[in-house]
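# Remarks on the overall topology
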Amino acid sequence: MHDFAYLRPRSTGEAVQLLAQNQPGARYFAGGTTLFDLMKLGVEAPATVIDITRIEGLRDVDTASRGELRIGALAAMSDVADNAVVQCEFPALSESLWKAASQQLRNMATVGGNLLQRTRCAYFRGGPEFACNKRVPGSGCSAVGGQNRGHAVLGGSEACVAVYPGDWAVALVAFDALVDTVSPRGERTLPVRELHRAPGATPHLETVLAADELIVRIRVPRGAIGRGSTYHKIRDRESYAFALASAAVALELRSNRVADARIALGGVATHPWRAAEAERSLVGQPFTRAAARRAAELAFEGAKPLGHNAFKVALGIETVTDALMLARERS
Ligand code: SF4
């Protein structure tokens, strides 16, 4: 690990000013579960680390508003997963957090930082001997012709096919959640759905956030759709593993007809992936297993498998179908 300056602001205003003053080469630190990992691997080498964990008022899960849940960006993953209102009104959100990482990591990692975790592509993390456009723009992509079993079948480009590794963002996208940010230029709000970029020709640019922008809050619109939801995650082992395929789905049924449907995919795409056409195929129709299967197939219609990951299409279709059947039981 290289030497770095360590700063500890007490307010969001102070934090964004410190980050702006120490650019380039400054990074925020919250739970540290991704940043320090990548610093040890030499992928990240910030000259200044700005510890935001002492900032007051960003750890609460505020359920007082009837219109939305307001979740502070510094809330621990385990605290949000365990929150009674989240569990009752949005089981998919709670499950997406509980099925991520390990208990120790969930106690440390924050829900704001979790949105920004970086890919697990082994070439990205493997060191300078591997070509990787995400780590060194223009150097090439070792995964396209290499080991790509865990890589994306949706949203990839010639420059990068790395999977977005998170679960929480996938579930948030299904519920049209928003993030509030602050920067030296003021505050803004954007949908979680627009937070992550597709890799295109610039895979090193992973989000639309400016370098000095800080996520302070996540907001989730409340409504009947959340209760009939689930987060289904298929992986090589049942704990402490990233998704090979996952689905955050929600259904609202009236007289066994689908009034509203949400389907978001993880583990198969370069960014949290909302399957809008699949959702539309369900709305207004009677819900059956055959309809669920058709929607799941639609969700993967544009998939482009690589050499080692064609199985993800079939696995993803089964995952979405099973998730929809479970969501129906809960709705
Ligand atoms: Fe790098 Fe992306 Fe290629 Fe992995 S898939 S080696 S992260 S460019």
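Here, residues in each chain are numbered from 1, in the same order as that chain's written sequence. A pLDDT threshold of at least 70 governs which residues receive local features in this predicted model, and a stricter bar of 80 or more applies before side-chain atom pairs are shown or counted, although totals over entire chains, interfaces and linings include all residues. Heavy atoms throughout the structure, all of them, feed into the side-chain values; hydrogens and water do not.

An unreviewed UniProt entry annotates the chain as 4-hydroxybenzoyl-CoA reductase subunit beta of Variovorax paradoxus.

Take the overall build of the chain next. Numbering goes from the N terminus for both helices and strands, where a helix is a DSSP run of H or I of at least four residues and a strand is a run of E of at least two. Along the chain, the regular secondary structure elements total 12 helices and 12 strands. Taking 2.2 N^0.38 as the reference for a compact globule, 331 residues should give roughly 20 Å; the C-alpha atoms of the chain span a radius of gyration of 20 Å, in line with that estimate. By principal-axis analysis of the C-alpha atoms, the chain measures approximately 60 × 50 × 35 Å. Per-residue burial for the chain yields a buried fraction of 53% across its 331 residues. Two residues form a contact once any of their heavy atoms are found within 4.5 Å. A fraction of 65% describes how many contacts in the chain between residues 6 or more apart in sequence connect residues 24 or more apart. Shrake-Rupley sampling with a 1.4 Å probe provides the accessible areas, and residues are treated as covered by the protein chains on show and by no other component. Surface accessibility of the chain: about 14300 Å² in total, with carbon and sulfur atoms responsible for 50%. The positive charge centre, built from 39 side chains, and the negative charge centre, built from 34, are 2 Å apart in the chain. Computation of the radius of gyration draws on C-alpha atoms alone. For the globule rule, the value is 2.2 Å times the number of residues to the power 0.38. A simple rule labels every residue: compare its accessible area, found with a 1.4 Å probe on the protein chains alone, to the largest value its type can have, and call it buried under 20%, exposed over 50%, or partly exposed in between. Counted charges follow a simple rule, with Lys and Arg positive, Asp and Glu negative, and His plus the chain ends left uncounted. To locate a charge, take NZ of a lysine, CZ of an arginine, CG of an aspartate or CD of a glutamate.

This brings us to the sheet that holds strand 1 (residues 5-7). Within the open sheet, the 3 strands sit side by side as 1-3-2. Their pairing is parallel. Edge strands, defined here as strands with exactly one partner in the open sheet, are strand 1 and strand 2 (26-29). For this sheet, the mean angle separating the axes of adjacent strands, direction not counted, is 25 degrees. As paired elements, strand 2 and strand 3 (residues 48-51) share 4 bridges and run parallel to each other. If DSSP finds at least two bridges between two strands, the strands pair. In this analysis, axes come from line fits to C-alpha atoms, helices being fitted only over the stretch in contact, and the angle between any two N-to-C directions falls in the range 0 to 180 degrees.

UniProt positions are given in the numbering used here, feature names are shortened, and annotations may be inferred rather than shown by experiment. Under the feature "domain: FAD-binding PCMH-type" (unreviewed entry), the UniProt entry names residues 1-225. For the annotated span residues 1-225, helix accounts for 27% and strand for 17% of the residues, and the straight-line distance between the end C-alpha atoms is 46 Å.

To continue, consider the nonpolar core. Among the buried residues, those of types Ala, Val, Leu, Ile, Met, Phe, Trp, Tyr and Cys that are joined through side-chain atoms within 4.5 Å form a nonpolar core. In this structure, Leu 93, Val 111, Leu 115, Trp 168, Leu 172, Ile 218 and Val 220 are the most contacted members of the largest nonpolar core, which totals 39 residues. If you list the elements that add at least two residues to this core, you get strand 5 (68-72), helix 3 (77-82), helix 5 (91-98), helix 7 (111-115), helix 9 (168-174), strand 8 (214-221) and strand 10 (245-254). Apart from residues no more than four positions distant in its own chain, Leu 115 is found in contact with Tyr 164, Trp 168, Ala 169, Leu 172, Val 179, Leu 195, His 196, Ile 215 and Ile 218. Residues Val 153, Leu 251, Val 268 and Ala 269 belong to the second largest nonpolar core, which totals 30 residues.

Another aspect to go through is the domain arrangement of the chain. Segment limits for the domains were obtained from an automatic or database-derived domain assignment. Per the domain assignment, the segments of the chain are domain 1 (5-54) and domain 2 (226-330). The straight-line distance from the C-alpha centre of domain 1 to that of domain 2 is 36 Å.

Burial along strand 3 is two-sided: the face carrying Thr 48 and Ile 50 and the face carrying Val 49 and Asp 51 are both buried. Pairing analysis gives 3 bridges linking strand 1 to strand 3, with the strands arranged parallel. Within strand 3, the position partnered with Ala 5 by the bridge is Thr 48. Throughout, right-handed denotes a crossover for which the path from the first strand over the helix to the second runs clockwise when the strands point away from the viewer. Following the chain from strand 2 across helix 2 (residues 35-41) to the adjacent parallel strand 3, one finds a crossover that is right-handed.

Below, the discussion takes up the pairing of strand 11 (residues 257-266). The element strand 11 is largely enclosed, with a buried count of 7 among its 10 residues. Relative to strand 11, strand 10 is paired through 9 bridges, and the arrangement is antiparallel. Pairing of Arg 254 across the sheet is with Arg 257, part of strand 11. Here strand 11 pairs with strand 12 (residues 273-274) via 2 bridges, running antiparallel. In the strand pairing of strand 12, Ala 264 is matched with Arg 274. Remark: 6 residues form the turn of the hairpin made by strand 11 and strand 12, two consecutive strands paired antiparallel; Gly 267 in that turn has positive phi of roughly 75 degrees.

Quick look at the pattern of salt bridges now. Should a side-chain nitrogen of Lys or Arg be within 4 Å of a carboxyl oxygen of Asp or Glu, the pair is scored as a salt bridge. Under the definition given, this model contains 24 salt bridges. For Arg 330, the salt bridge goes to Glu 95, with nearest N and O atoms at 2.9 Å. Of this pair, Arg 330 sits in helix 12 (residues 311-330) while Glu 95 sits in helix 5, and the two are 235 residues apart along the sequence. The closest approach of N and O atoms between Arg 293 and Glu 318, which form a salt bridge, is 2.6 Å. Of the two residues, Arg 293 sits in helix 11 (residues 289-299) while Glu 318 sits in helix 12, which places them 25 residues apart along the sequence. With a relative accessible area of 32%, Arg 293 lands in the partly exposed category. The class for Glu 318 is partly exposed, based on a relative accessible area of 35%. Counted as one network, the salt bridges with shared partners bring together Arg 27, Glu 44, Arg 118, Lys 134 and Glu 206.

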